[in-house]
Amino acid sequence: MKPYLLSKPAIGNVEVFGGYQSAINIALDPLKAKKYGLDFNKVAQVITATNKDMPMGFLKGREGFFTLTYYGDKADVGALKHLVVAPNVRLQDIADVTWSYKKCFSGYMGNGRSGIALAIQRAPGGSVLDVSKAARRELKILQAQYPRIDFQISDTQRDLIETANTNMLEALRDAIIYTLIVLLFFLGNFRAIIAAGLSIPLVFFGTMAVIYLAGGELNIVVYTAIILALGMLVDDAVVVLENIERHLGEMHEDLDTAIEEGTREVLSPVFAGTIATIVIMFPLMFVGDFPQHIFRPLISTLIIALLVSYFLSITFIPKLSVYLYRNGTGKTRVEKLFEKLYQASFGRLVAPYLGILKFTHGRFSMWRKLLLTLGVLAILVVSLKNIMPIIGKDTMPPMDTGIIKAHVVFSANDRVEDSEQKIKPFLEWLHQQPEVVMSSVAFGSEAGVLSLGSGNLPSEATITVNCVNRFERQKTLWDIENEIRDRLHQLPGIKTADVYDFGATAISSIKAPLDVRIKSGDYENLPEVAQKIAKVLTPIKGLTSISQSWGSDFSEIKVDIDTNKALSYGLTPGAIVQQIPIRGQVLSLSGNLSSMSTQYVRLYLKGRFSEDNPC
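Residues numbered from 1 in each chain as written. Predicted model: local features only at pLDDT ≥ 70, side-chain atom pairs only at ≥ 80, totals over all residues. Heavy atoms only, no water.

**Thoughts on the overall build of the protein chain**
Right, so step 1: The helix and strand tally for the protein chain stands at 20 helices and 14 strands.
Right, so step 2: Taking all 615 residues of the protein chain together, 32% fall into the buried category.
Right, so step 3: Intrachain contacts of the protein chain at a sequence separation of at least 6 include 70% that bridge at least 24 residues.
Right, so step 4: Carbon and sulfur atoms form 59% of the exposed surface of the protein chain, whose accessible area is close to 38,200 Å². (Helix = DSSP H or I, 4+ residues; strand = E, 2+ residues; numbered from the N terminus. Buried < 20%, exposed > 50% of the residue type's maximum accessible area, 1.4 Å probe, protein only. Contact = heavy atoms within 4.5 Å. Areas by Shrake-Rupley, 256 points an atom, 1.4 Å probe, with all protein chains shown as cover.)

**Brief notes about the pattern of salt bridges**
Right, so step 1: According to the stated counting rule, one finds twelve salt bridges in the structure shown.
Right, so step 2: For the salt bridge of Lys422 with Asp414, the shortest nitrogen-to-oxygen distance reads 2.6 Å.
Right, so step 3: A residue is classified by how much of its surface remains accessible, and Lys422, at 21% relative accessible area, is partly exposed.
Right, so step 4: Two residues, Lys475 and Glu435, come together in a salt bridge whose shortest N-O distance is 3.9 Å. Residue Lys475 is located in the loop between strand S13 (460–467) and helix H16 (477–488), and its partner Glu435 is located in the loop between helix H15 (416–430) and strand S12 (436–444); the two are separated by 40 residues in the primary sequence. (Salt bridge = Lys/Arg side-chain N within 4 Å of Asp/Glu carboxyl O.)

**What about the pairing of S13?**
Right, so step 1: A large share of S13 lies buried, amounting to seven of its eight residues.
Right, so step 2: As defined by bridge partners, strand S11 (residues 403–409) adjoins S13 across seven bridges and the pair is classed as antiparallel. Within S13, the residue paired with Ile404 across the bridge is Val465.
Right, so step 3: Strand direction decides the pairing type here: S12 and S13, joined by seven bridges, are antiparallel. Looking at the pairing, Ala442 lines up with Thr462 of S13. (Pairing = 2+ DSSP bridges.)

**Points about unusual backbone geometry**
What is expected of a backbone is that most residues other than glycine have negative phi and most peptide bonds are trans.
Right, so step 1: Residues other than glycine seldom take positive phi values, yet Asn88 does so here, at roughly 65 degrees.
Right, so step 2: In this fold, Asn88 is placed in the loop between strand S5 (84–86) and strand S6 (89–90).
Right, so step 3: Note on Asn88: relative accessible area 81%, which makes it exposed.

**Brief notes about the side chain of Ser459**
Right, so step 1: Tracing the backbone through its elements, the reader meets Ser459 in the loop between S12 and S13.
Right, so step 2: Polar contacts involving the side chain of Ser459 include one to the main-chain carbonyl oxygen of Ser411, which spans 3.4 Å.
Right, so step 3: The residues contacting Ser459, other than those within four sequence positions of it, are Val408, Val409, Phe410, Ser411, Ala412, Asp414 and Ser419. (Polar contact = N/O pair within 3.5 Å; in protein donor to acceptor, adjacent residues only side chain to side chain.)

**Some thoughts on the packing of aromatic side chains**
Given two aromatic rings, their pairing is described by the distance between the two centres and the angle made by the two planes.
Right, so step 1: Tallied over the entire structure, the rule returns seven aromatic pairs.
Right, so step 2: An angle of 20 degrees between the planes, with centres 5.5 Å apart, marks the rings of Phe58 and Phe65 as stacked.
Right, so step 3: Accessibility expressed as a relative area gives 53% for Phe65, which makes it exposed.
Right, so step 4: Both rings, one in Phe204 and one in Phe205, keep their centres 5.4 Å apart while their planes meet at 80 degrees; by these two values the pair is edge-to-face. (Phe/Tyr/Trp six-rings, centres within 6.5 Å; stacked < 30°, edge-to-face > 60°.)

**So, the sheet that holds strand S8 (residues 106–110)**
Right, so step 1: On the basis of which strands lie adjacent, the open sheet formed by six strands has the order S9-S8-S12-S13-S11-S14 and antiparallel pairing. Unpaired on one side and paired on the other, strand S9 (113–114) and strand S14 (496–501) mark the two borders of the sheet.
Right, so step 2: Bridge count between S8 and S9: two bridges; the pairing is antiparallel. Bridge pairing in S9 links Met109 to Ser114.
Right, so step 3: Seen against the sheet, H15 touches S8, S12 and S13 and runs at an angle of roughly 170 degrees to S12.
Right, so step 4: In the packing of H16 onto the sheet, the strands contacted are S11, S13 and S14, and the crossing angle to S14 comes to about 170 degrees. (Axes fitted to C-alpha atoms, helices over the stretch in contact; angles between N-to-C directions.)

**What about a nonpolar patch on the surface?**
Right, so step 1: On the surface, a cluster of nonpolar side chains totalling about 840 Å² of accessible area is made up of Phe364, Met366, Trp367, Leu370, Leu374, Leu377, Leu380 and Leu384.
Right, so step 2: Within the secondary structure, Met366 is located in helix H14 (residues 365–387). (Patch = residues over 30% accessible without salt bridge, like charges linked within 9 Å, V, L, I, M, F, W, Y side chains within 5 Å.)

**A short note on the packing of helix H9 (residues 220–249) against helix H10 (residues 255–281)**
Right, so step 1: Remark: H9 packs on H10, axes separated minimally by 8 Å, with the N-to-C direction vectors making an angle of 150 degrees. Between H9 and H10, the crossing angle belongs to the class labelled roughly antiparallel. Handedness of the crossing formed by H9 with H10: right-handed. In this structure, H9 contributes Met232, Asp236, Val239, Val240, Asn243, Ile244, Arg246, His247 and Leu248 to the contact, and H10 contributes Leu255, Ala258, Ile259, Glu261, Gly262, Thr263, Glu265, Val266, Val270, Thr274 and Thr277.
Right, so step 2: Classifying every residue of the contact of H9 with H10 by side-chain character gives ten nonpolar, six polar and four charged. (Parallel < 35°, antiparallel > 145°, perpendicular 65-115°, else oblique. Left-handed = near helix turned anticlockwise from the far one by under 90°. Nonpolar A, V, L, I, M, F, W, Y, C, P; charged D, E, K, R; others polar.)

**Considering the confidence of the model for the protein chain**
Right, so step 1: When pLDDT is averaged across the protein chain, the result is 80; 89% of the residues are at 70 or more.
Right, so step 2: Across residues 506–510, where pLDDT falls below 50, the model places nine contacts with residues more than four positions away in sequence or in other chains.
Right, so step 3: Note on residues 583–615: pLDDT under 50 across the span, and 39 contacts to partners over four residues away in sequence or across chains. (pLDDT = per-residue confidence, 0-100.)

**Things to note about helix H7 (residues 158–187)**
Right, so step 1: Compared with the 44 Å implied by 1.5 Å per residue over 30 residues, the 43 Å span of H7 between its first and last C-alpha is a close match.
Right, so step 2: Arg158, Thr163, Ala164, Asn167, Met168, Leu172, Ala175, Thr179, Leu183 and Leu184 are the residues of H7 that are buried.
Right, so step 3: Note on H7: the residue one or two positions beyond its end, Gly188, has a positive phi of about 55 degrees. (Expected span 1.5 Å × (residues − 1).)

**A short note on the environment of Arg415**
Right, so step 1: Mapped onto the elements of the fold, Arg415 is located in the loop between S11 and H15.
Right, so step 2: Along the backbone, Arg415 and Leu457 are 42 residues apart, and their C-alpha atoms lie at a distance of 9.1 Å.

This is the structure in structure tokens:
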């Protein structure tokens, strides 16, 4: 399936995780091998030397030129069983040879069921939505081709992206509507509404064109910048349009003259206002670190939109005015109605404003202006009193994306199979919750796979939970997180359960706020001290979970061999270790002891275990 999916242009990479790799397993019986005077090393050397294809060289004669090759690779189990490892001794006489799979150090569960993950990723510069559509289309084809395989999507960011795009487009739509309503209420001029209504999409598409030509892309940050710029975008158009109308109405100029003089009159002031706004925002593009990554596309889009708006206000609006004012400057009844509403409400604030201006131009005008400036500064200081305490809490406000991440750690001696069994009750409960749509759980890690596992041990699991859209559920993302966190802590043998939201702020993550490090000359006491510190930190408000980077729960079997005594019997420590059978595997300090043969352990390791020891 992986090569098939990679042949599609929209798909950039496919990673397979949690599968089984076929292997021929040889479980050597050490007692039978000893009977024939064989040990692990001798058998392994025979298999290595004979069970392979070897090029021998070339043969050149009168009849031609030939290559000589020895084909000794036993591709099937039957041939390998009959491999001669000693005179009159075949491999099947001393070992069980079976076709199976390698021991798993990784596993996967999708939507609560065991499975194999295909992580489908976009091509460089590609779209997430495009690769999602392509993957869903190809999965239907694969489902028909492999009817006995159940294909399910267990993790995707498609819903998040589509929801964000829909919300931003709706916000853009609402912003345009409310902007036009505000213009109608304050100006009472349908011509201004038409001019603004036409200039907004022109500015929008003009901005997108510049971004596209510069190699940018349309994303949520760009959407946000366009929405923020809406109010400023219509300013230039309205100023030019209103001044043209003033020349027509008050100065009684002909249409062409009014358009030309009215536009020229405000050309410099509008440009100065645009440049002043750009100068104020420009430094935010170079604040550094994470804020710079957010602000740079935001501010750059705003700057482009302002420049495009200015260009349209001095080119498109004058040309549009030829059609808007071809019948004069008279107003309709509806326009007069809105003008009366404005004069009866916000228009009354003009008189106090004029009074303030007169106050600043009276006797001792310099001192009056200073007094007014100090009053404004006092109001600013009072407002900052409430704003300053919240600065530094978050780089950006938390966002309910509907995606929850969790990192779970069980005992260091647990296998992948043990971790899967322990987490099954949680997954059964999880998929009974109405807010949960899908889940993805990756156990351990695999070499070459970056999208899943991320270097986890077999006793560690990374969980991703996709929830219902935030507009269609009652609980918030953080309510669901608390429930998941409480449920995970009820699992037997769990050491750590870090639960956090995906796609929220860069600072508000589960591991960022606090990092405590302890040092000691005696490392054996560190885990106990760490547990005491964890108990002290637990009541702190705001901490959702606490995890230790190292613990002393890993168990091992230590074999003490008296080298001198062993050598007196003609044995080396290596030869003794090889005689300890663990399902045909050589004992190592990190060996899997859950399937150890009990009688052999007692025979060779007597005195190292008690009867009630779990091993």
